[in-house]
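Each chain is listed here by its residues.
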Amino acid sequence: MKKLFIITGEYSGESHASRVVGELLKIRPDIQIEGVGGELLKNSGVKIFTNHEKMGKAGINLKIIKEHFLLGKKIVDYLKNEYKPDLVLLVDYGAFNLAISKYLKKAGIKTFYFIPPQVWASRKWRLKIIKKNIDKVLTIFPFEKELYEKEGINSEFVGHPLAKELPQKADKEEFFKRHNLDLNKKLVSVFPGSRIFEIKFLLDIFIKSAQLLQKFDNNIQVVFSHAPNLPDNVFKNKLDNYKVIKGENRALLSVSDALILASGTVALEACMYKIPMIIAYRGPFLFYLIYLMVRSINRACLVNIIAGKDYVDEFIMYRAKPKLIAGKIYKLLNNENERNAQIQGLIDVEKQIGDKHCVEEVAKIIDKEMKNG
């Protein structure tokens, strides 16, 4: 029996990986799959070796570094001495997965990387690590394949997961009725992140932005999204005056009139639904200094990076101010020219992404590897 081990580090990567598993089991039902993940991977048929609890922590302190090191050692020891997989599939979560790839290589374990680190945006030296330790890179943007080929790295463009994974827009009337929302008011939805440290740095800013918006116009209603991987008490009663919807991220995105987003994949999801947005991000000052030193481009929003243009306003670090955020969202709701200009930009980006069935492609590549291995 062939064995696969999957390593994910957060909800978005796990979501894509779980769909790969679903497709892989259709063509190779006898494969044994274990991995690092949560309920999504578990429900797709993966035996969970360890969950995301320690993976979601971030920061530069000895405790977190030690925890990540010990977790990586535990995984490698298990793979090398007990499980002995035919292939390890790393998914997203660059810092941890690139670190562990070194030890997987030393152990002689074949390793593929799906949704690789965005080396085209920052830390291009990671290409050397990838070339040394990764057997094959499965890229999700067409321009990535060219980048890897120039470096002599084995890669294959599989398409972007969202091209086929994203469900149709939710029925707005049904959604509003079910969540007791007012169809006569515009809906602004806030996505404060899927990691606890993101909530810590962004939630208060987003709450104040929501308060200002509703002062500008009482015809605006604001809903906060609760990422399904976060504990129920993550907001610590700060959102008692707002409706919070958990586990319906994409439906909520699709029925909104405008969005306030923490930077991340959610911006690309919003792009596919053609919903006007802004992105904001704030973190530890030291992290920001490091980011300034390692970045290769001056954009943070994935939509803008793909387009090579600033379609979506970015409020990063000390620009992440409630007055600026609320002001821009108000314009996107009420200024037809600004709204239409951004929507046209989102349409252009969607065309660039293409329509390959990403998870099917990844499953076929894994199956082929299992046959040849």
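Our structure is the block above this text.
Computed from a predicted structure; not experimentally measured.

What counts and what doesn't
- Residues numbered from 1 in each chain as written.
- Predicted model: local features only at pLDDT ≥ 70, side-chain atom pairs only at ≥ 80, totals over all residues.
- Heavy atoms only, no water.
- Pairing = 2+ DSSP bridges.
- Helix = DSSP H or I, 4+ residues; strand = E, 2+ residues; numbered from the N terminus.
- Axes fitted to C-alpha atoms, helices over the stretch in contact; angles between N-to-C directions.
- Contact = heavy atoms within 4.5 Å.
- Polar contact = N/O pair within 3.5 Å; in protein donor to acceptor, adjacent residues only side chain to side chain.

> Give me the lowdown on the sheet that holds strand β7 (residues 155-157), citing residues and values where you can.
Pairing within the open sheet is parallel, and its seven strands lie in the order β3-β2-β1-β4-β5-β6-β7. Every other strand in the sheet has two partners, leaving β3 (47-50) and β7 as the edge strands with one partner each. Between one strand axis and the next, the sheet turns through 20° on average, direction left out of account. Pairing of strand β6 (residues 136-139) with β7, which is carried by three bridges, proceeds in the parallel orientation. When the sheet's bridge partners are listed, Val-137 is paired in β7 with Ser-155. Running over the sheet, helix α6 (residues 142-150) touches β6 and β7 and is turned about 165° from β7.

> A description of the sheet that holds strand β8 (residues 186-191) should follow, citing residues and the corresponding values.
Within a sheet, each strand pairs with its neighbour through backbone hydrogen bonds, oriented either parallel or antiparallel. Taken in spatial order, the six strands of this open sheet run β10-β9-β8-β11-β12-β13, and their pairing is parallel. Lying at the two open borders of the sheet, with one neighbouring strand each, are β10 (243-246) and β13 (313-316). Within the sheet, the average angular offset between the axes of one strand and its neighbour, ignoring direction, is 20°. By the bridge criterion, five bridges tie β8 to strand β9 (residues 220-226) in an arrangement that is parallel. Within β9, the position partnered with Ser-189 by the bridge is Val-223. Along the sheet face, helix α11 (residues 266-273) touches β8, β11 (258-262) and β12 (277-281) and points at about 160° away from the line of β11.

> Give a description of the side chain of Ser-225 that names residues and reports values.
Take Ser-225: it is sitting in strand β9. Looking at Ser-225, its side chain comes within polar contact range of the side chain of Asn-249, at 2.9 Å. When sequence neighbours within four positions are dropped, the list of residues in contact with Ser-225 reads Val-190, Phe-191, Pro-192, Phe-235, Ile-245, Asn-249 and Leu-252.

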